[in-house]
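# Topology and contacts: notes
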Amino acid sequence: MPDQRESSKITFDKVSLTEGKSAVRTANVQIVDLDRDGLNDILVCDAARNAVILYRQIPGGQFEERVLGDNLKCPAHATVVDLDKDGDLDVVVAVLGSIFPWDELVGRVVLLENEGDRFTQHVLLDDVRRVADVQAGDLDGDGDIDLAVAVFGYARGEVLWLENLGKKDGRWHFLDHQLLDHPGAIHVPIGDLDGDGDLDIAAIVSQDEEELWVFENLGRGQFKPRRIYASPNYDVGSAGLVMCDLDKDGKADLLLPQGDNLEDPYAWPQPYHGCLWFRNLGNWKFESKRIATFGGTYAAAVGDIDGDGDLDVVLVSLCNDWSDPTRPSVVWLENDGHQNFKMWPIDRTPIGLITVACGDLNNDGRADIVAGSLILPPVTERRVQRITTWVSRKGK
Amino acid sequence: MMAPIQKILWTVVLLELAGLGLVWRMRARPGPLPAVDWSACMMEDAVAGEIREMEKRLQINDPRGWAELGATYRAFGLFPQAEYCYRQVDKLSPKDRSYLYYWAECFDLTGQTRQATKRYRQIIRENLEVPLGVRTPQYCWLNIGQDRLREENVPAAIDALSKARDLPRAKFLLSRVLIRSGRAKQAISLLDDLLRDAPGMVEYNQMKSWAEAALGDQDAAQEFYERSLRSRQELSKWDPTYQEVLERRKRIGSQSWHEKSLQLEAQGKLREAVAWSRKAAQAFGAEDRLQQLAKLELLTGRPQEAIALAEDCVRRVGASAKTLDIIGVASIQLGDRARAQRVWEQAIELEPTPNLYAKLAELRYLAGDAVEAGRYRSMEQSQTGKDAWLDNDLITALDHFEKAVALYDGHANTWFYLGETRRFLGDIPGAEAAYARCLRLNPDHGRARRGLERLGKNGRK
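Calculation notes
- Within each chain, residue numbers correspond to sequence positions counted from 1 in written order.
- Here the convention is simple: chains get letters from A, ligands get numbers from 1, in the order in which they are written.
- Owing to the predicted nature of the model, reporting of local features is limited to residues with pLDDT of at least 70; listing and counting of side-chain atom pairs is limited to 80 or more, with chain, interface and lining totals taken over all residues.
- The numbering of helices and of strands both runs from the N terminus, where a helix is a DSSP run of H or I of at least 4 residues and a strand a run of E of at least 2.
- In this setup the radius of gyration rests on C-alpha atoms only. A globule is expected at 2.2 Å times the number of residues raised to 0.38.
- Neighbour counting defines burial: a residue surrounded by 20 or more other C-beta atoms within 10 Å of its own C-beta is buried, one with 12 or fewer is exposed, and intermediate counts give partly exposed, using backbone-placed C-beta atoms.
- Note on contacts: residues are paired as contacts if their backbone-placed C-beta atoms lie within 7 Å.
- Buried Ala, Val, Leu, Ile, Met, Phe, Trp, Tyr and Cys residues form a nonpolar core when they are connected through C-beta atoms within 7 Å.
- The angle between two axes is taken between their N-to-C directions and runs from 0 to 180 degrees, where each axis is a line fitted to C-alpha atoms and a helix contributes only its stretch in contact.
- The scheme is simple: roughly parallel for angles under 35 degrees, roughly antiparallel for over 145, roughly perpendicular for 65 to 115, oblique for anything else.
- What makes a crossing left-handed is the near helix being turned counterclockwise from the far one by less than a right angle; a clockwise turn instead makes it right-handed.
- Charged means Asp, Glu, Lys or Arg here, nonpolar means Ala, Val, Leu, Ile, Met, Phe, Trp, Tyr, Cys or Pro, and polar covers whatever is left, Gly included.
- The length a helix should cover is 1.5 Å for every residue beyond the first.
- Each C-beta atom gives one direction from the helix axis, and the arc is the one those directions make.
- Two strands are counted as paired when DSSP detects at least two bridges linking them.

When its secondary structure is counted, chain A shows 0 helices and 29 strands. Relative to the globule expectation of 21 Å for 396 residues, the C-alpha radius of gyration of chain A, 20 Å, shows essentially globular dimensions. Counting only C-alpha atoms, chain A reaches 55 × 45 × 40 Å along its principal axes. A total of 396 residues make up chain A; the buried ones form 57% of that total. Of the contacts formed within chain A by residues at least 6 apart in sequence, a portion of 48% connects residues at least 24 apart.

On to the nonpolar core. Counting residues in hydrophobic clusters, the biggest one holds 230 residues, and the most contacted among them are Val131, Val149, Ala150, Ala203, Val313 and Val314 of chain A. Residues within four places of Ala150 of chain A in sequence aside, it is in contact with Val131, Ala132, Asp133, Val159, Ala185, Ile186, His187, Val188 and Ala203 of chain A. Judged by nonpolar contacts, the second largest core, of 17 residues, contains Ala397, Leu418, Ala434 and Cys438 of chain B.

Residue and element names in this part refer to chain B. For the pair helix 10 (residues 184–197) and helix 11 (residues 202–214), interaxial distance at closest approach is 9 Å and the crossing angle is 155°. In this view, helix 10 runs roughly antiparallel relative to helix 11, as classed from their interaxial angle. In the crossing of helix 10 with helix 11, the sense of the turn from one axis to the other is left-handed. In contact with Ala184, Ala187, Ile188, Leu191, Leu194 and Leu195 of helix 10, helix 11 contributes Tyr204, Met207, Lys208, Ala211 and Ala214. Residues that form the contact of helix 10 with helix 11 fall into these classes: 10 nonpolar, no polar and 1 charged.

Residue and element names in this part refer to chain B. Here helix 14 (residues 254–266) contains 13 residues, and its C-alpha end-to-end distance of 19 Å stays within 8% of the 18 Å for a straight helix at 1.5 Å per residue. Taken as a whole, helix 14 has its buried residues at Ser254, Gln255, Trp257, His258 and Ser261. Along the long axis of helix 14, the arc covered by the buried residues comes to 160°, so they all point the same way. Check the buried side of helix 14 and you find it contacts helix 2 (45–57), helix 13 (241–251), helix 15 (270–283) and helix 16 (287–299).

Moving on to the sheet that holds strand 25 (residues 330–335) of chain A. Residues and elements named next belong to chain A. An order of 23-24-25-26 is seen for the 4 strands of this open sheet, with the pairing classed as antiparallel. Taken across any chain shown, the strands that pair with only one partner, and hence form the sheet edges, are strand 23 (297–303) and strand 26 (341–347). Here the average twist between neighbouring strands, direction ignored, is 25°. One ladder, built from 6 bridges, connects strand 25 with strand 26; its direction is antiparallel. Pairing of Leu333 across the sheet is with Met343, part of strand 26.

Attention shifts here to unusual backbone geometry. Trans is the prevailing form of peptide bonds, just as negative phi is the prevailing case for residues other than glycine. Between Pro377 of chain A and Pro378 of chain A the backbone carries a cis peptide bond, its omega angle lying at 10°. Structurally, the position occupied by Pro378 of chain A is in the loop between strand 28 (368–373) and strand 29 (387–394). Cis rather than trans, the peptide bond between Val130 of chain B and Pro131 of chain B has omega equal to 5°. By secondary structure assignment, the location of Pro131 of chain B is in the loop between helix 6 (113–126) and helix 7 (136–150). With a phi close to 55°, Asn283 of chain A is a non-glycine residue in the positive phi region. Mapped onto the fold, Asn283 of chain A is located in the loop between strand 21 (274–282) and strand 22 (285–293). Since 7 C-beta atoms lie within 10 Å of it, Asn283 of chain A is described here as exposed. The phi torsion at Arg383 of chain A lies on the positive side, around 60°, for a residue other than glycine. Residue position: Arg383 of chain A is located in the loop between strand 28 and strand 29.

Quick look at the interface of chain B and chain A now. Contacts between chain B and chain A engage 42 residues on the former and 39 residues on the latter. Secondary structure elements with two or more residues in the side of chain B that touches chain A: helix 7, helix 11, helix 12 (218–229), helix 17 (303–317) and helix 19 (337–350) of chain B. Along the lines of polarity and charge, the residues of the side of chain B that touches chain A split into 19 nonpolar, 10 polar and 13 charged.

Here we take up the environment of Gly253 of chain B. All names here are of chain B. Within the fold, Gly253 resides in the loop between helix 13 and helix 14. Judged by C-beta crowding, with 23 C-beta atoms within 10 Å, Gly253 ranks as buried. Discounting chain neighbours no more than four positions away, the residues touching Gly253 are Glu44, Ala46, Val47 and Glu50.

Time to look at the environment of Gly166 of chain A. Residue and element names in this part refer to chain A. Tracing the backbone through its elements, the reader meets Gly166 in strand 13 (residues 158–168). For the pair Gly166 and Val330, spaced 164 residues apart in sequence, the C-alpha to C-alpha distance is 42 Å. With residues up to four places along the chain from it excluded, the contact list for Gly166 reads Asp144 and His173.

Moving on to the sheet that holds strand 3 (residues 26–32) of chain A. Residue and element names in this part refer to chain A. Taken together, 4 strands build an open sheet; the order of strands is 3-4-5-6 and the sheet is antiparallel. Two strands in the sheet have a free side with no partner beyond their single neighbour: strand 3 and strand 6 (62–69). Neighbour-to-neighbour, the strand axes of the sheet open up by a mean angle of 20°, direction not taken into account. Pairing of strand 3 with strand 4 (residues 41–46) involves 6 bridges; the strand directions are antiparallel. The residue of strand 4 that forms the bridge with Ile31 is Ile42.

Turning our attention to the packing of helix 21 (residues 370–390) of chain B against helix 22 (residues 394–407) of chain B. For any two helices packed against each other, the geometry comes down to the angle between their axes and how far apart the axes lie. Residue and element names in this part refer to chain B. Remark: helix 21 packs on helix 22, axes separated minimally by 8 Å, with the N-to-C direction vectors making an angle of 165°. With respect to helix 22, the element helix 21 is oriented roughly antiparallel. Here helix 21 and helix 22 pass one another in a crossing that is left-handed. Along its contact with helix 21, which presents Gly374, Arg377, Ser378, Gln381, Ser382, Thr384, Gly385, Ala388 and Trp389, the element helix 22 presents Leu394, Thr396, Ala397, His400, Phe401, Lys403, Ala404 and Leu407. Here the contact of helix 21 with helix 22 is composed, by residue class, of 7 nonpolar, 8 polar and 2 charged.

Following this line, the structure appears as structure tokens:
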């Protein structure tokens, strides 16, 4: 039986997907219908099992586990896309190579090519530093799917785009182009930021820089870099980047969760942690607005949690004062329809949440939540869970 | 108007009151410690147990006891409790200023920058030399500068950082802020100073590259960017007091048992080392502890046990080259070469090291497979060359890359690094040939293409 959590007018049914044998090191979760059977599944990058795992939803709200790819050292993010355009969904994986800060050339981009009964691994990029994200889209307008890559590294890193040159003799060919030579790139979401019909790239650069970059697509594989935000607070801890049209005005906005405090295992929430909304005003102008102050914010997801037609935001906290058991680890920001947000706590456990996703798990038209914890020694695995779902339904 | 005698009397009364206040402040018994919910804490039970014992042993009028407890709380993330301890030291021993810096750090760690700055300024005013020697006031300016940045007050940050210019970290941070403020020229002068003392420092070269780019000199930017790639010398992000925190963590809880095992191993006392290692791993099954125990089992002639432990480690935190290597070595001891080859091949996929390639080459050689042995020896040379390259030892790197391509000429990345090395050493035709060879093997090698382009560009100059 699911546990129940009340939050504002919403009741959440809480269920944990446990495994029990491995350490709790979930790097990324997503809600996606990978097998296209009409039921959303949960795609997980597990940095303890070094695997990309699908929790396939079967009728009755149950999940069955399927390992899509293993021997992937610390997969940080998986992007679902029909790369080979054969009608089924493939998975492109950003492989960190080391969960701990390290500057060696251990990163990779690996394709898990869907061949029906199995996923075949192809290394698309190697001999680079730790890769934190890879996103897919036709970046040069030639009809095939290219990739944007965040090479986080540590002291050194870069943002790349990989030009798809096709598959010949069973081997994929991608040509790498450098967009930025900064370390600490976490996410590189792709979308049409200027409404000109082609795909632009955004990148959040954390570590010591704390900068938000966009790369305007000029066509034919040419990009113009634009820095749209640079925090003078080099400790702010940018932790991810979400592209979404939060105000539904037809222009893609950006959400920036801030609160990465992983430098020390016993880190505390800071007054500047929370979430910024970069509202796209058009013509490459963005207006930033703080929509939440929430200690240790590490990830954000967007969905219509209360089913009122506007987009709400869910935030999770990784590093916090967990010695205070009353602190929430997951909250949602209720949108009043005019992008004024009110924060509601959802839960206090599990703690150490590094990733969150929204999507409809029970086909009721409202967004549900899935989140994952990541804990590293010497911190203990008390009050953590690999993966937890909160399925929303109307409250009393 | 007050008569002189009245003035004297009032002064005496006020002085007495002040004296009484001081005596009361000094003798006041400190209030209770902020409560800790030990069941919610993230530290292991052994650590919590030791801290609770320290609490019990504390003499509440002993400032040194408070300082010690404060330092322990601080090391394990109980910052409000640590701050409370330093407050008690301040009450009990106000003339002792050795705790002020740590007290300020507690405020910093909990985001109370104003409170932290107050203590740092006190240290600066009194020109104290604890805990960081004569540079203590400069570290205070550095921290004040960082606090102002956390408050997004850039002018105040520049002012504070400018007062800590003997500290490389402060100078570096100042250069970063100056570039952002459109003062790249000033930043370059600071970076040149830093590079004189540490020419290989990754961050200095990288920042210099960005400063040059900001001033529009793309060639200089490229030069310093490339230098930043060929170094492993990284600037510490930490205040020197953080080392004290790390040392304290090693002395408490199961980490102290793990450390003891390492010491005993270094002394050759392997049996005793195994016992402490086992105790540490059972208390907290972290990867390094399981690996240490497995390694000790191997060294004491128990390969089966080593394999079981390494497999447990893989189940728990995933495979790593180091853990798989233990399984490989143990498999050889047990005569299972096929398994050793399998796990070492898996290991090089995770982290290619010269040592692993050498072992694989030896196995293939023993199996009579000279071709595959040669390929692995080539990869061993290539990886050794890359290590030298990353340390900017280009002459050594060149030697290894050339040996690598002589042993096996089908590895595109080796040709790429050979091209890069020859370019940096000024061998333009040699670099061109190596890049071309790389691109024949892998036409999608973007870095080799860019290397060739740079060659053309520099050749025209």
